[in-house]
Amino acid sequence: MNLLIIGSGAREHAFAWKIFNSKQNVNIFITNSTPGTINIAKSISLDINNFSEIKRSIIINNIETVLVGPEIPLINGISDFIKNDKEIFHVNVIGPSKHGAKLEGSKEFAKLFMTRNNIPTANYKSFNKSSIDDAILFLKNNTPPYVLKADGPAAGKGVIIVDNVNDAIINLKEMLIDSKFGSSSNKVVIEEFLTGIEMSCFVLFDGTNYKILPYAKDYKRIGEGDKGLNTGGMGSVSPVSFLDINLKGKIEKQIVIPTINGLIKEKIDYVGFIFIGLINVDGFPKVIEYNVRMGDPETQVVLPRIENDFMEILNACCSQSLDQIDLQFKSEYYTNVVVASGGYPEKYDKGFEISGLENVKDSIIFHAGTALIDNKIVTNGGRVLSIVSSDNDMNK
Ligand code: AMP
Ligand code: GLY
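From a predicted model like this one, the values you see are computed outputs, not experimental measurements.

Caption draft 1: View of a nonpolar patch on the surface. Judged by side-chain polarity, Val159, Ile161 and Phe193 come together as a nonpolar surface patch covering roughly 250 Å² of accessible area. Inspection of the secondary structure puts Val159 in strand S8 (residues 159-162). Overall, Val159 belongs to the partly exposed group, its relative accessible area being 38%.

Caption draft 2: Spatial organisation of empty space enclosed by the protein. This structure, assessed with the given rule, holds one cavity of 30 Å³ or more. Taken as a whole, the largest cavity holds about 70 Å³ of empty space. Forming the walls of the largest cavity are Leu103, Glu104, Ser106, Lys107, Ala110, Lys111, Met114, Lys149, Glu191, Ile288, Glu289 and Tyr290. Elements supplying a minimum of two residues to the lining of the largest cavity: helix H5 (98-105), helix H6 (107-116) and strand S15 (284-291). Per-element accounting of the lining of the largest cavity gives the leading share, four residues, to H6. The class makeup of the residues in the lining of the largest cavity is five nonpolar, one polar and six charged.

Caption draft 3: Expanded view of the packing of aromatic side chains. Applying the stated criterion across every chain, the model contains nine aromatic pairs. In this structure, Lys250 is placed above the aromatic ring of Phe284, and the distance from its NZ or CZ to the ring centre is 5.2 Å.

Caption draft 4: Geometry of the site of ligand 1. Taken together, 14 residues surround ligand 1, and among them Glu191, Glu192, Leu194, Glu198 and Glu289 come closest. Residue Lys107 places a side-chain N or O atom 3.2 Å away from an oxygen atom belonging to ligand 1. Between ligand 1 and the protein, one listed contact pairs an oxygen atom with a side-chain N or O atom of Glu289 at 2.8 Å. Taken by itself ligand 1 offers 480 Å² of open surface, and the protein chains cover 85% of this. Breaking the shell around ligand 1 down by element, the ones donating at least two residues are strand S7 (146-150), S8 and S15. Of the residues belonging to the shell around ligand 1, the class tally is seven nonpolar, no polar and seven charged.

Caption draft 5: Local environment of the site of ligand 2. In the vicinity of ligand 2, the contacting residues are Asp218, Phe275, Arg293, Gly295, Asp296, Pro297 and Glu298. Within the side chain of Asp218, one N or O atom sits 2.8 Å away from a nitrogen atom of ligand 2. Burial of ligand 2 by the protein amounts to 87% of the accessible area it has alone, namely 200 Å². Taken together, the residues of the shell around ligand 2 break down into two nonpolar, one polar and four charged.

Caption draft 6: Examining the pairing of strand S18 (residues 370-373) more closely. Strand direction decides the pairing type here: S18 and strand S19 (residues 376-379), joined by four bridges, are antiparallel. The residue bridging Leu372 from the neighbouring strand is Ile377, located in S19. If you look at the hairpin formed by S18 and S19, you'll find two residues sitting between the two strands, and Asp374 has a positive phi there, around 50 degrees.

Caption draft 7: Layout of the sheet that holds strand S3 (residues 42-44). Taken in spatial order, the five strands make up an open sheet running S3-S2-S1-S4-S5, and their pairing is parallel. Taken across any chain shown, the strands that pair with only one partner, and hence form the sheet edges, are S3 and strand S5 (92-94). If you compare each strand with its neighbour and ignore which way they point, the axes differ by 25 degrees on average. The pairing of strand S1 (residues 2-6) with strand S2 (residues 27-31) spans four bridges and is parallel. If you follow Leu4 over to S2, its bridge partner there is Phe29. The sheet strands contacting helix H11 (residues 310-318) are S1, strand S4 (65-68) and S5, and the helix crosses S5 at an angle near 110 degrees.

Caption draft 8: Up close: the environment of Gly152. Position of Gly152 among the secondary structure elements: in the loop between S7 and S8. Owing to a relative accessible area of 11%, Gly152 belongs among the buried residues under this scheme. In sequence terms Gly152 and Phe109 are 43 residues apart; their C-alpha atoms lie 9.8 Å from each other.

Caption draft 9: Local environment of the pattern of salt bridges. As enumerated under the stated definition, the model contains 13 salt bridges in all. The partner of Glu108 in a salt bridge is Lys187, and the shortest N-O contact between them spans 2.7 Å. Placement of Glu108 in helix H6 and of Lys187 in strand S9 (residues 187-191) is noted, with a sequence separation of 79 residues between them. Residue Glu108 is classed as buried on the basis of its relative accessible area, which comes to 16%. Here Glu266 makes a salt bridge to Arg116, at a shortest N to O gap of 2.7 Å. Of this pair, Glu266 sits in the loop between helix H9 (245-265) and strand S14 (272-281) while Arg116 sits in helix H6; the two residues are 150 residues apart in sequence, bridging distant segments of the chain. Arg116 sits in the partly exposed class, given a relative accessible area of 48%. In the salt-bridge network here, residues are joined through shared partners; they are Lys55, Asp85 and Glu87.

What counts and how
Residues numbered from 1 in each chain as written. Chains lettered and ligands numbered in written order. Predicted model: local features only at pLDDT ≥ 70, side-chain atom pairs only at ≥ 80, totals over all residues. Heavy atoms only, no water. Patch = residues over 30% accessible without salt bridge, like charges linked within 9 Å, V, L, I, M, F, W, Y side chains within 5 Å. Areas by Shrake-Rupley, 256 points an atom, 1.4 Å probe, with all protein chains shown as cover. Salt bridge = Lys/Arg side-chain N within 4 Å of Asp/Glu carboxyl O. Helix = DSSP H or I, 4+ residues; strand = E, 2+ residues; numbered from the N terminus. Buried < 20%, exposed > 50% of the residue type's maximum accessible area, 1.4 Å probe, protein only. 1 Å grid on protein atoms, 1.4 Å probe; cavity = no way out; pocket = protein on both sides within 12 Å on 5 of 7 lines; lining within 4 Å. Points joined across faces, edges and corners; volume = space filled by probe spheres on them. Nonpolar A, V, L, I, M, F, W, Y, C, P; charged D, E, K, R; others polar. Phe/Tyr/Trp six-rings, centres within 6.5 Å; stacked < 30°, edge-to-face > 60°. Lys NZ or Arg CZ within 6 Å of the ring centre and 35° of its normal. Near = heavy atom within 4 Å. Polar contact = N/O pair within 3.5 Å; in protein donor to acceptor, adjacent residues only side chain to side chain. Pairing = 2+ DSSP bridges. Axes fitted to C-alpha atoms, helices over the stretch in contact; angles between N-to-C directions. Contact = heavy atoms within 4.5 Å.

Have a look at this one:
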C-alpha cells in the first residue's frame, strides 16, 4: 500500500517512523522530507497548500491513503478536494472535511458547537468590527485577566491574554480594526479566563467509532522552568502524571462522547484525529480548544506508547472498523525535549552543522528544522529536533 504523509515536521517524522515499524507492507511517501525521513520515506517536493500538486503526486505515485499532519490544508478543504475529484475520490484521507476542520479553523464555530452539545468550556462572547463598542463595554464590565482570541487560524499566535483592561482594548482594536491577524481577526472571541493545569487528549474517529489515544502534556514556554515567550512547543510528556482514572472518566463522559455524538448528530463529515486541549479547573475538565490533527510536540511521545501495529489502526479508521481494535499502551514514561535554534521563537540563524546524532542510542530523534547540505545535516528552522526518551521511572 502506498501512503502519503502531508507535512514535514517532527510530528510527521514520528508518523513515518511508526508506520515504518508496521508489519504491513507500506511504501511511505512524505512531502518535503527532512534528513530524518529520507531513509524511511520517499520525499515528494510540493507546496502542501497547492491541491493540484497534491493530486498530481497522488496519481503519479498511486497513493491509496493520505495522512494529513498540519491543520492548514485541512482548514482549506484538502479532504473535500480529494473526495470530490473524479480521478482520486477513492483515496482514503485521514483528516476531516472542511466543515469538520472549522472546529480548529474558527474559534466561534467551535464555541457554538460546544454550546449546542453541552460541552464544558469557558464562557464567551464574540464580536466583530460593527460591535466593537459592545466588545469594549463587555471588557470594562469584566475582571482581568482578559482572554482575546482571533476567530481564524493565526499560526498559534491568535490568543492574547492581558491583565489590564486598557491593554485588552488596544489589542481588541488591533485585531478588529487594524486586522492584526488578517481576516482571521475579523471576529474576536472574548472568553472567561480559566485557571488550572492543561493537558491534551487525542481521539481517533472513523466517523462512527472512536478510540482515545494516550494523553500527553506539552510545554510551550521557551525557557527553563516553563518561563519566557510562547513557542510552538518545547517538549512534551506522556503519560500525564496528575491524570487519574476519575478525571479520565469525566473527560470521556463530559467531553469526548458529547463531541463524537455532536459530530454524528450534526452530520459533520469527520474521519481523523481530534486533539482536545483541556484545562483541569479544580477537578472539572473544560475544553480550551479543538484541533483537527495531532499535536506537535505531543505526537512524538504519544505514538511510541502505542503497542498496536499502527497501520492496522489507520486501516481500521479508513474502513470504519475502529471498534475492532483493542488499543494497548506502554506504561513507560516518554518525554520529548525539543532542540531549538538560538533566538527562537524570535529571530534565529540557520545552516549550523549538527553532528553526533549517530551516537544517540537510547533515544529516538525526530527531525523538524533540518536539511541536508553537502552531505551534512544542518539546522533549517526554529524547532530543529525532538529527542524522545523513555523509562519506567519518571524521576530518573
Ligand atoms: P489556544 O490557541 O486556544 O490553545 O490558546 C493558547 C493558550 O492560551 C492555551 O494553551 C492556554 O494556555 C491559553 N488559554 C486559552 N484560552 C484560555 C482561557 N480561557 N483561560 C486561560 N488560558 C487560556
Ligand atoms: N502542541 C500544540 C499544538 O500542536 O498545537
